[in-house]
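Structural description and commentary
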Amino acid sequence: MLIAKTNLELHQILSLQSSNKLSIGFVPTMGALHQGHLNLVKRSQKENDFTVVSIFINPKQFNSTEDFKKYPIKTQEDVKLLESINCNLLYLPNYEEIYPQNGQNIAIDLEELNQVFEGPQRPGHFEGVVSVVYRLFELIKPNKAYFGLKDFQQCKVIYKLKETYFKNIELVFCETTREKNGLAMSSRNSRLSEKGKILASQIYKALLDAKSKFMETNAQSHLAKVSEKLSQHNIEVEYFELANAKTLKPAKVWQKPNENVILTAVKIENVRLIDNIVF
Ligand code: PAF
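Keep in mind it's a predicted model, so treat the numbers as computed, not measured. (Residues numbered from 1 in each chain as written. Predicted model: local features only at pLDDT ≥ 70, side-chain atom pairs only at ≥ 80, totals over all residues. Heavy atoms only, no water.)

The environment of the ligand is made up of Pro28, Thr29, Met30, Gln61, Val132, Phe147, Asp151 and Gln154. Taking Gln61, its side chain carries an N or O atom lying 2.6 Å from an oxygen atom of the ligand. Notes on the ligand: free accessible area 290 Å², of which the protein chains cover 88%. For the shell around the ligand, the class distribution of residues is four nonpolar, three polar and one charged. (Near = heavy atom within 4 Å. Polar contact = N/O pair within 3.5 Å; in protein donor to acceptor, adjacent residues only side chain to side chain. Areas by Shrake-Rupley, 256 points an atom, 1.4 Å probe, with all protein chains shown as cover. Nonpolar A, V, L, I, M, F, W, Y, C, P; charged D, E, K, R; others polar.)

The structure is reproduced here in structure tokens:
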């Protein structure tokens, strides 16, 4: 596997690929890779000639310095994992490569996308995601880019970015990879104790429960009950709500099939976890 740490190295490698007319698949990450990331890489490998993974822990998308400092860094393990699945190129930039001093802030109208769910809970988060993904798309110029649907709202924001600036890039949103007990894989799970991980498996169970109750009776009151059950397990629920899966506007009654999403964010052992279910 090739590793590029500077934009010059990246450019030299990528220009060779594009002069050979090879299609480029791109998986942006913040490292601490797990099976969910590897599934994105494998999907990219199936659909492209050359796959690039980036690892950059983007300070701009953390609204709390404490959260940023605690973000797991596992670069050596990540390199081994990517080598084991024959990834072509790892882009491992430092802060200056991504945010040069003369760099400009990206203007984008996220409309109401950053006013719901994660938006108010994490001020500045999506603006930070937009800044880094814009820069990565600009440097890598992929044909296709791969993102996990666990970060459902992020997928919507990145779609908006693509529609505004990168019409030629195809976005591929992939199913959430889960542990056997249903827990959505996330780099943050490594900060949970074994007990915390078992507790966290209640999140997906609650989503499944809410979905089936909703489909039976279409009653909003069930969401509150299911969320209350999570709280009884000592899980701190920030939100557990239904929205329109297309617009992300909060909804009271369920819409057409596949246009409903229940989104949740909870805290367990002071680790913030998000998940969702579309139906
Ligand atoms: O989903 C993530 O890991 C990050 O938000 C991303 C897309 C790599 C941007 O830093």
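To continue, consider the pattern of salt bridges. Close approach of charged atoms lets side chains of opposite charge pair. Applying the stated rule across the entire model yields 18 salt bridges. Its salt-bridge partner being Arg43, residue Glu47 comes within 2.7 Å of it at the nearest N-O pair. With Glu47 and Arg43 both in helix 2 (residues 35-47) and four residues apart, this pair spans about one turn of that helix. By relative accessible area, which is 29% here, Glu47 ends up partly exposed. Residue Arg43 is classed as partly exposed on the basis of its relative accessible area of 34%. Linking Arg272 and Glu118 is a salt bridge whose minimum nitrogen-to-oxygen distance equals 2.7 Å. Taken together, the residues span a long stretch of sequence, with Arg272 in strand 9 (residues 271-278) and Glu118 in helix 6 (residues 118-121) at a distance of 154 residues. (Salt bridge = Lys/Arg side-chain N within 4 Å of Asp/Glu carboxyl O. Helix = DSSP H or I, 4+ residues; strand = E, 2+ residues; numbered from the N terminus. Buried < 20%, exposed > 50% of the residue type's maximum accessible area, 1.4 Å probe, protein only.)

Time to look at the layout of surface pockets. Each pocket or cavity is described by its volume, and for the second largest pocket that value is around 370 Å³. Forming the boundary of the second largest pocket are 15 residues, of which Leu149, Phe152, Glu175, Asn276 and Val278 lie nearest the centre. Within the residue set of the lining of the second largest pocket, elements represented by two or more residues are helix 8 (152-165) and strand 9. A per-element tally of the lining of the second largest pocket places helix 8 first, with four residues. Residue composition of the lining of the second largest pocket, by class: nine nonpolar, three polar and three charged. (1 Å grid on protein atoms, 1.4 Å probe; cavity = no way out; pocket = protein on both sides within 12 Å on 5 of 7 lines; lining within 4 Å. Points joined across faces, edges and corners; volume = space filled by probe spheres on them.)

Between its first and last C-alpha, helix 9 (residues 194-217) extends 36 Å over 24 residues, near the 34 Å set by a 1.5 Å rise per residue. Listed in full, the buried residues belonging to helix 9 are Gly196, Ala200, Ser201, Ile203, Ala206, Leu207, Asp209, Ala210 and Phe214. Phi for Asn218, located one or two positions after helix 9, is positive at around 60°. (Expected span 1.5 Å × (residues − 1).)

So, on to the packing of aromatic side chains. The full count for this structure, using the stated rule, is 13 aromatic pairs. Centre to centre, the rings of Phe26 and Phe137 are 6.4 Å apart; their planes meet at 70°, and the pair counts as edge-to-face. Of this pair, Phe26 sits in strand 2 (residues 24-29) while Phe137 sits in helix 7 (residues 125-140), placing them 111 residues apart in sequence. A relative accessible area of 0% places Phe26 in the buried class. Connected via pairs of aromatic rings, a cluster forms that spans Phe26, Tyr134, Phe137, Phe147, Tyr165, Phe166 and Phe173. The ring of Tyr99 has Lys60 sitting right over it, with the charged end atom 4.0 Å from the ring centre. (Phe/Tyr/Trp six-rings, centres within 6.5 Å; stacked < 30°, edge-to-face > 60°. Lys NZ or Arg CZ within 6 Å of the ring centre and 35° of its normal.)

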